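# Report on the structure
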Amino acid sequence: MGGLKDELLKAIWHAFTALDLDHSGKVSKSQLKVLSHNLCTVLKVPHDPVALEEHFRDDDEGPVSNQGYMPYLNKFILEKVQDNFDKIEFNRMCWTLCAKKNLTKNPLLITEEDAFKVWVIFNFLSEDKYPLIIVPEEIEYLLKKLIEAMGGGWQQEQFEDYKINFDDSKDGLSAWELIELIGNGHFSKGMDQQTVSMAISEVFSELILDVLKQGYMMKKGHRRKNWTERWFVLKLNIISYYVSEDLKDKKGDILLDENCCVELGSPPPHKEARQRRKELRRKLLAEQEELERQMKELQAANENKQQELETVRKKLEEAASRAAAEEKKRVQTQVELQARFSTELEREKHIRQQMEEQVAQKSSELEQYLQRVRELEDMYVKLQEALEDERQARQDEETVRRLQARLLEEESSKRAELEKWHVEQQQAILTTEAEKQELENERVVKERALQEAMAQLEQLELERKQALEQYEGVKKKLEMATSKTKSWKDKVAQHEGLIRLIEPGSKNPHLITNWGPAAFTEAELEEREKSWKEKKTTE
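Now for a description of the structure that goes with this document. (Residues numbered from 1 in each chain as written. Predicted model: local features only at pLDDT ≥ 70, side-chain atom pairs only at ≥ 80, totals over all residues. Heavy atoms only, no water.)

To continue, consider the state of the cysteines. For the coordinates displayed, the defined rule picks out zero disulfides. No disulfide involves Cys94; its nearest neighbouring cysteine sulfur is the one of Cys98, lying 7.2 Å away. Since its relative accessible area comes to 0%, Cys98 is described here as buried. (Disulfide = S-S within 2.5 Å. Buried < 20%, exposed > 50% of the residue type's maximum accessible area, 1.4 Å probe, protein only.)

This brings us to the side chain of His422. Note that His422 resides in helix α13 (residues 369-431). The buried category is assigned to His422, whose relative accessible area is 9%. If we skip the residues at most four places from it in the chain, His422 touches Lys315, Leu316 and Ala319. (Helix = DSSP H or I, 4+ residues; strand = E, 2+ residues; numbered from the N terminus. Contact = heavy atoms within 4.5 Å.)

With that settled, the discussion passes to the sheet that holds strand β4 (residues 227-234). Here four strands make up an open sheet; going across it, the order is β3-β4-β5-β6 and the pairing antiparallel. Each of the sheet's edge strands pairs with one partner strand only, and the pair in question is β3 (213-220) and β6 (250-255). With strand direction ignored, the average angle separating the axes of adjacent strands in the sheet is 30°. Two elements, β3 and β4, share eight bridges in a ladder whose sense is antiparallel. Opposite Lys213, over in β4, you have Leu234 as the bridge partner. (Pairing = 2+ DSSP bridges. Axes fitted to C-alpha atoms, helices over the stretch in contact; angles between N-to-C directions.)

This paragraph deals with empty space enclosed by the protein. Under the defined criterion, the tally for this structure stands at four cavities of 30 Å³ or more. The computed volume of the largest cavity comes to approximately 130 Å³. For the largest cavity, the lining is made up of 13 residues, of which Glu344, Leu345, Glu348, Ala393 and Asp396 are closest to its centre. Residue assignment for the lining of the largest cavity shows that the elements contributing at least two residues are α12 (324-364) and α13. Partitioned by chemical class, the residues of the lining of the largest cavity number six nonpolar, one polar and six charged. In this structure, the second largest cavity encloses a volume near 90 Å³. In terms of lining, the second largest cavity is formed by 13 residues, of which the most central are Leu143, Leu146, Met150, Ile182 and Ser188. Listed by contribution, the elements that provide at least two residues to the lining of the second largest cavity are α7 (136-149), α9 (175-183) and α10 (193-207). Split by residue class, the lining of the second largest cavity holds ten nonpolar, three polar and no charged. (1 Å grid on protein atoms, 1.4 Å probe; cavity = no way out; pocket = protein on both sides within 12 Å on 5 of 7 lines; lining within 4 Å. Points joined across faces, edges and corners; volume = space filled by probe spheres on them. Nonpolar A, V, L, I, M, F, W, Y, C, P; charged D, E, K, R; others polar.)

Our next topic: the pairing of β4. The hairpin turn running from β3 into β4, its antiparallel successor, is six residues long. Pairing of β4 with strand β5 (residues 238-242), which is carried by four bridges, proceeds in the antiparallel orientation. Bridged to Val233 within β5 is Ser240.

Moving on, we come to unusual backbone geometry. The peptide bond linking Tyr130 to Pro131 adopts the cis configuration, its omega dihedral lying at 0°. For Pro131, the position within the fold is in the loop between α6 (112-125) and α7. You will see that Lys44, though not glycine, has its phi angle at about 60°, which is positive.

The next point concerns the environment of Met93. Mapped onto the fold, Met93 is located in helix α5 (residues 87-102). Each C-alpha atom of the pair Met93 and Leu39 lies 8.4 Å from the other, and the pair is 54 residues apart in sequence. The residues contacting Met93, other than those within four sequence positions of it, are Asn38, Leu39 and Val42.

Ranked by size, the top nonpolar core spans 67 residues in total, and within it Leu39, Leu43, Tyr69, Phe90, Trp95, Trp119 and Ile179 carry the most contacts. Setting aside residues up to four positions removed in sequence, Leu43 forms contacts with Leu8, Ile77, Val81, Asn84, Phe85 and Phe90. Among the nonpolar cores identified, the runner-up in size contains six residues, and Phe341, Val400, Tyr471 and Val474 belong to it. (Core = buried A, V, L, I, M, F, W, Y, C linked by side-chain atoms within 4.5 Å.)

Time to look at the side chain of Arg330. Here Arg330 shows up in helix α12. Assessed through its relative accessible area of 11%, Arg330 is described here as buried. At 2.5 Å, the side chain of Arg330 and the side chain of Glu327 are in polar contact. When neighbours within four sequence positions are excluded, Arg330 is seen to be in contact with Glu411 and Leu457. (Polar contact = N/O pair within 3.5 Å; in protein donor to acceptor, adjacent residues only side chain to side chain.)

Under the defined criterion, the tally for this structure stands at 20 salt bridges. Residue Glu440 pairs with Arg443 through a salt bridge whose shortest N-O separation is 2.6 Å. Highlighted residues: Glu440 and Arg443, both in helix α14 (residues 436-495), separated by three residues, approximately one helical turn. Using a relative accessible area of 30% as the deciding quantity, one classes Glu440 as partly exposed. Through salt bridges with shared partners, a single ionic network connects Glu310, Arg313, Glu317, Glu440, Arg443 and Glu447. (Salt bridge = Lys/Arg side-chain N within 4 Å of Asp/Glu carboxyl O.)

Take a look at the structure:
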């Protein structure tokens, strides 16, 4: 009964607003009396003249608003309505009151009867809130139904273009805007008036009259046993048959009850689909409201967090200003270390160049054996000196690494001191408010000094990275020189098996021979034994 009451209220709302000529939300008592009498007649509700006169008694209070009319409408009319009235007659009565005032004067592709059917369909598909509107989803559903009934193809892109041009200030269309949209043929181009009218009637029969199927069938007479063609209309619990499809001459009804061999079906699918669409829209609206509420909470929390961060930033700046002197001292120490590191790198580069020159000179002396031996003896002394320098360079490199590690430890300790000073500064701020202005002035001065110190620190960091890159380059060159020395040694060993160069030993333990420490490692000995075995097997 609640659903029937809501559907009736929509048509009555149209009639009431049509009587409201000045759009004030109020209608005269005489007009409401006539409206109430007509509603009782079409809804087959017994008249109650006493209650009617009592509710609309002449008390010189002037017009009655729709809020004042609703109690009477609910109590004396809608609560007494049974499902035994003609819905089409009821809708036509309300349509008669509102159509003349609201229907557009522009020529339409549809007739007034078709406009009435579109109006009834609008009341069925519209939202349950006032003023009544039909949302774009329901408009798309109705237009699809009409296009399918006309035998055409649905143009989704055309409807999307229409939605883009839709007025953003409105959530949907009114009944009269919907009638004008269908009547101007925007979505039914190429269709004649008769085709559009038949499509509206078909959709009206399905949605409003709950017609599941209709068409011509042959019926055998009750008295005369001849077969006659009749127009049958199938609904949920009844089959009506007429002389023709204009439904003017009704010949009879066949009730579909437990005595029939037809199973009663479920409610019409379009009503369930409409209810699902409404529930989906309510769910989306609730989710949107919840999302807006969460966004507001997040925004408020973000603002509070920003204020806290700003306070923490100011306190950190004040604490950092106190560490400016220590930071400057640390930067000076780092500059001295960087200069020392650069000098050592230059020295190592010079030694590397000397080793490369020696290797090239020894390579050219391979042409004569005796001369090569004498030059190799001289080279032996020079290589010892070069290797001693290389060992010294590696020791210096290890020293630099230790210094860097110590600097990192000092920096971490300074950061811990800064954090400690930060806590002490917070306590000092809480205990002494009188020094706030003086501290603010000191903060500005020390902030500038801190910025300068930070700039110098960044410069020193850049120079340290450059020095590290130079160190990596020198290290690569040292590896290349070592490989060249090794290749030169292999060439000498290939040509002259008795001669071996003295080279830096590995960190692994040396082999001991009868003549003292071996000139090769255990891995090289294994490699030579393997090569000797291979040569022996090939022979």
